[in-house]
Amino acid sequence: STDRTVEIASSVRGVKLYRLREQFGRGSALRLGVEKARGDLIVFFPADMEYEPSGICAVVHNLLNNGFNAVFGTRLARCSDLTYRLRQIYGGATNSYLLSKYGGMLLSTAILFLYSRHVSDPLTGLKGFNGELLRSLPLRATGIDLEMELVAQLCLRHEQILEIPIH
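In short, a report on the structure. (Residues numbered from 1 in each chain as written. Predicted model: local features only at pLDDT ≥ 70, side-chain atom pairs only at ≥ 80, totals over all residues. Heavy atoms only, no water.)

## What to know about the pattern of salt bridges
Across all of its chains, the model carries 4 salt bridges by this definition. The salt bridge partner of aspartate 121 is arginine 75, with a shortest N-O separation of 2.7 Å. Placement of aspartate 121 in the loop between α5 (94-115) and β3 (127-130) and of arginine 75 in the loop between β2 (70-74) and α4 (82-90) is noted, with a sequence separation of 46 residues between them. Of the two residues, aspartate 121 and arginine 75, neither departs from the other in class, the shared state being buried. Between glutamate 147 and lysine 127 there is a salt bridge, with the nearest N and O atoms lying 2.4 Å from each other. Pair noted here: glutamate 147 is in helix α7 (residues 146-156) and lysine 127 is in strand β3, with a separation of 20 residues, a long-range link. One network of salt bridges, in which partners are shared, links Arg26, Lys127 and Glu147. (Salt bridge = Lys/Arg side-chain N within 4 Å of Asp/Glu carboxyl O. Helix = DSSP H or I, 4+ residues; strand = E, 2+ residues; numbered from the N terminus. Buried < 20%, exposed > 50% of the residue type's maximum accessible area, 1.4 Å probe, protein only.)

## Re the packing of α5 against α7
Look at α5 against α7: their axes get within 11 Å of each other, and the N-to-C directions meet at 25 degrees. With respect to each other, α5 and α7 are oriented roughly parallel. Two packed elements cross with a definite hand, and for α5 against α7 that hand is right-handed. Here Leu107, Ile111 and Tyr115 of α5 lie close against α7, whose contacting residues are Met148, Val151, Ala152, Cys155 and Leu156. Tallied by class, the residues present in the contact of α5 with α7 amount to 8 nonpolar, no polar and no charged. (Axes fitted to C-alpha atoms, helices over the stretch in contact; angles between N-to-C directions. Parallel < 35°, antiparallel > 145°, perpendicular 65-115°, else oblique. Left-handed = near helix turned anticlockwise from the far one by under 90°. Contact = heavy atoms within 4.5 Å. Nonpolar A, V, L, I, M, F, W, Y, C, P; charged D, E, K, R; others polar.)

## With respect to the sheet that holds β2
Sheet strands pair by backbone hydrogen bonding; their relative direction is either parallel or antiparallel. Pairing is mixed across the open sheet formed by 4 strands, whose spatial order is β1-β3-β2-β4. With partners counted over all chains shown, the strands left at the sheet margins are β1 (41-44) and β4 (162-165), one partner each. Each strand axis lies, on average, 20 degrees off the axis of its neighbour in the sheet, ignoring direction. In the sheet, β2 pairs with β4 via 4 bridges, with the strands oriented parallel. (Pairing = 2+ DSSP bridges.)

This is the structure we're talking about:
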């Protein structure tokens, strides 16, 4: 990350900071986090301020109280105009905008076709898991492809994925 995330995180008392020796991608960073995590719950939450932190509480609440082992925050449940919302998020980053809008739709369709499941926002950065389940998944992806590998592994294990609206 180039946005001072490392500097800010290392200045917070009680935060353990782990870094990859080389730039291997998002999937590698998340897998390192899963490997180092010791809790019963594991939540992925990006530091780029795309999501409101209150979404973490909603994800954890559903993991603890509603019997789900995987909870994804979806950006699409409260969205009346997808184009407008994605332009707010990505601004002038045309490639990110197009990938998020059309790539997400294509991935949702692929999940439906392959696994008979609908996941509206497979690329969401806010995901929560039962730690034991997540650590048991044979994850190999090193980039953003980890997002789809997670969905595939959960579907193959017949795990329900709860999607909840987030901002």
